Amino acid sequence: MEPFRVHILGCGSALPTLRHFPSSQVVEVRGKLFLVDCGEGTQIQLRRSRLRFTKISAVFISHPHGDHCFGLIGMLSTFGLLGRTARLTVYATSELIDMTRRQMDVFCRDMDYEVDFREVDTTQQQTIYEDRSLTVETIPLDHRVKCCGYLFREKPTRNNPDLKRAYAYCSDTRYLPTLHERLEGVTTLYHESTYGEDNHLKAEKYYHSTAREAALVARDAGVGQLLLGHYSSRYEDETVLLREAQEVFANSHLTDESSVFDV
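What comes next concerns the included structure. Please read all numbers here as calculations on a predicted model, not as lab measurements.

Re the pairing of strand β9 (residues 148-154)
Point 1. In terms of burial, β9 is a largely internal element, six of the seven residues being buried.
Point 2. The pairing of strand β8 (residues 134-140) with β9 spans seven bridges and is antiparallel. Residue pairing across strands places threonine 135 opposite arginine 153, the latter belonging to β9.
Point 3. Bridge count between β9 and strand β10 (residues 166-170): four bridges; the pairing is antiparallel. Within β10, the position partnered with arginine 153 by the bridge is alanine 166.

Structure follows, in structure tokens:
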């Protein structure tokens, strides 16, 4: 069976720490690479992962908060310096697209490749990407700004007609009791778990989720495994988050910057 993997490049939240990079990951499907979010330091993590990041064909940004997009303009510039010629498609909100275009006017002149920006509607679940290997859908979320997750569904092949692998990335969001209804057939779910139950009020205030709430979504959706991430900098030991999640959904896992998970 051909690879369908998630490479975690960053799983921290807004405040920088010495333990975690901001949000970023690569979804690898049958030799194709897709970048999901692009926080500061993504290029360094791509180098460390030994992934050929020049092979990235599309970038999916969940929302215009810095810990999810501050690395984007730097990466676009680096692609130009490396002589990239292949088109790069970037999926993002209209606000981030406008901002990035202005930055490119200053920092990314005379590049030999095209950046094809595609606006996403964060209020709708719809297919925004499709090729012979997979489809990618948006997942509406509820955060302080327009925000969506992304659902990668692998297409069956002639040799493997029963393939049902699917990966859902649920970025910053408050707990949504009905979110599981959008995650039918998902085998691996990444759901933000910024806080533990000791900071439940902060989660509600800042439109984030606790690890327990992430586990409730995973349990109700019947997913195969839950990946926790987007940890608040206040937690020097995230095992408290893991324990709270596993009390609800046993097959929960902490992510870190060396994690690679098979979907």
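Here's the deal with the sheet that holds strand β3 (residues 32-38)
Either a parallel or an antiparallel arrangement is found when strands of a sheet pair, and the pairing is made through backbone hydrogen bonds.
Point 1. A sheet is described by the order of its strands in space; here seven strands give the open sequence β6-β5-β4-β3-β2-β1-β14, paired in mixed fashion. Across the chains shown, the open sheet's two edge strands, defined by having one partner strand only, are β6 (115-119) and β14 (260-262). For this sheet, the mean angle separating the axes of adjacent strands, direction not counted, is 20°.
Point 2. With five bridges connecting them, strand β5 (residues 88-92) and β6 associate as parallel partners. Note that in β6 the partner of alanine 92 across the bridge is glutamate 119.

Brief notes about the sheet that holds β8
Point 1. The seven strands lie next to each other as β7-β8-β9-β10-β11-β12-β13, forming an open sheet whose pairing is mixed. Of all strands in the sheet, those bounded by a partner on one side alone are β7 (127-130) and β13 (252-254). Across this sheet, the average inter-strand angle for adjacent strands is 20°, counted without regard to direction.
Point 2. Taken strand by strand, helix α6 (residues 211-221) contacts β11 (188-192) and β12 (225-229), and its axis lies near 155° from that of β11.
Point 3. Sheet strands in contact with helix α7 (residues 239-246) are β12 and β13, and its direction is about 170° off that of β13.

Let's talk about the environment of arginine 50
Point 1. In this fold, arginine 50 is placed in the loop between α1 (42-49) and β4 (56-60).
Point 2. For arginine 50, a relative accessible area of 76% gives the class exposed.
Point 3. It is 25 Å that separates the C-alpha atoms of arginine 50 and serine 171, two residues lying 121 residues apart in sequence.

Some words on the packing of aromatic side chains
Point 1. All chains considered together, the criterion is met by eleven aromatic pairs.
Point 2. Arranged with centres 6.5 Å apart and planes meeting at 85°, the rings of phenylalanine 60 and tyrosine 129 form a pair that is edge-to-face. Placement of phenylalanine 60 in strand β4 and of tyrosine 129 in strand β7 is noted, with a sequence separation of 69 residues between them.
Point 3. Residue classification places phenylalanine 60 among the buried positions, given a relative accessible area of 0%.
Point 4. Considering the side-chain rings of tyrosine 169 and tyrosine 190, the 5.3 Å spacing of their centres and the 20° angle between planes classify their relative orientation as stacked. Within this pair, whereas tyrosine 169 is found in strand β10, its partner tyrosine 190 is found in strand β11, the two being separated by 21 residues in sequence.
Point 5. Through a chain of ring-to-ring contacts, the aromatic side chains of Phe34, Phe60, Tyr91, Tyr129, Tyr150, Phe152 and Tyr167 assemble into a single cluster.
Point 6. Here the guanidinium or amino end of arginine 84 rests over the ring plane of phenylalanine 79, the centre of that ring lying 4.8 Å away.
Point 7. It is arginine 84 that lies over the ring of tyrosine 113; its NZ or CZ is 5.7 Å from the centre.

Section: helix α3 (residues 72-81)
Point 1. Listed as buried for α3 are Leu72, Ile73, Met75, Leu76, Thr78 and Phe79.
Point 2. Phi turns positive, to about 80°, at glycine 83, one or two residues after α3.

A few points about the side chain of arginine 84
Point 1. By secondary structure assignment, the location of arginine 84 is in the loop between α3 and β5.
Point 2. Glutamate 114 is the oppositely charged side chain nearest to the buried, salt-bridge-free arginine 84, at an N-O distance of 10 Å.
Point 3. For arginine 84, the side chain forms a polar contact with the main-chain oxygen of isoleucine 56, separated by 2.8 Å.
Point 4. Only 3.4 Å separates the side chain of arginine 84 from the backbone oxygen of arginine 87, close enough to count as a polar contact.
Point 5. The contact partners of arginine 84, leaving out residues within four places of it in the chain, are Phe53, Thr54, Ile56, Ser57, Phe79, Asp112 and Tyr113.

Thoughts on the pattern of salt bridges
Point 1. Applying the stated criterion across every chain, the model contains twelve salt bridges.
Point 2. With its nearest N and O atoms 3.1 Å apart, the salt bridge here joins glutamate 154 to arginine 30. Linking glutamate 154 in strand β9 with arginine 30 in the loop between β2 (24-29) and β3, this pair joins segments that are 124 residues apart in sequence.
Point 3. The buried category is assigned to glutamate 154, whose relative accessible area is 6%.
Point 4. Of the charged contacts, one joins arginine 153 and glutamate 137 as a salt bridge, the two residues approaching to 3.1 Å between their closest N and O atoms. In this pair, arginine 153 sits in strand β9 while glutamate 137 sits in strand β8, placing the two residues 16 residues apart along the sequence.

Cut-offs applied
Residues numbered from 1 in each chain as written. Predicted model: local features only at pLDDT ≥ 70, side-chain atom pairs only at ≥ 80, totals over all residues. Heavy atoms only, no water. Buried < 20%, exposed > 50% of the residue type's maximum accessible area, 1.4 Å probe, protein only. Helix = DSSP H or I, 4+ residues; strand = E, 2+ residues; numbered from the N terminus. Pairing = 2+ DSSP bridges. Axes fitted to C-alpha atoms, helices over the stretch in contact; angles between N-to-C directions. Contact = heavy atoms within 4.5 Å. Phe/Tyr/Trp six-rings, centres within 6.5 Å; stacked < 30°, edge-to-face > 60°. Lys NZ or Arg CZ within 6 Å of the ring centre and 35° of its normal. Lys, Arg positive; Asp, Glu negative; His and termini not counted. Salt bridge = Lys/Arg side-chain N within 4 Å of Asp/Glu carboxyl O. Polar contact = N/O pair within 3.5 Å; in protein donor to acceptor, adjacent residues only side chain to side chain.

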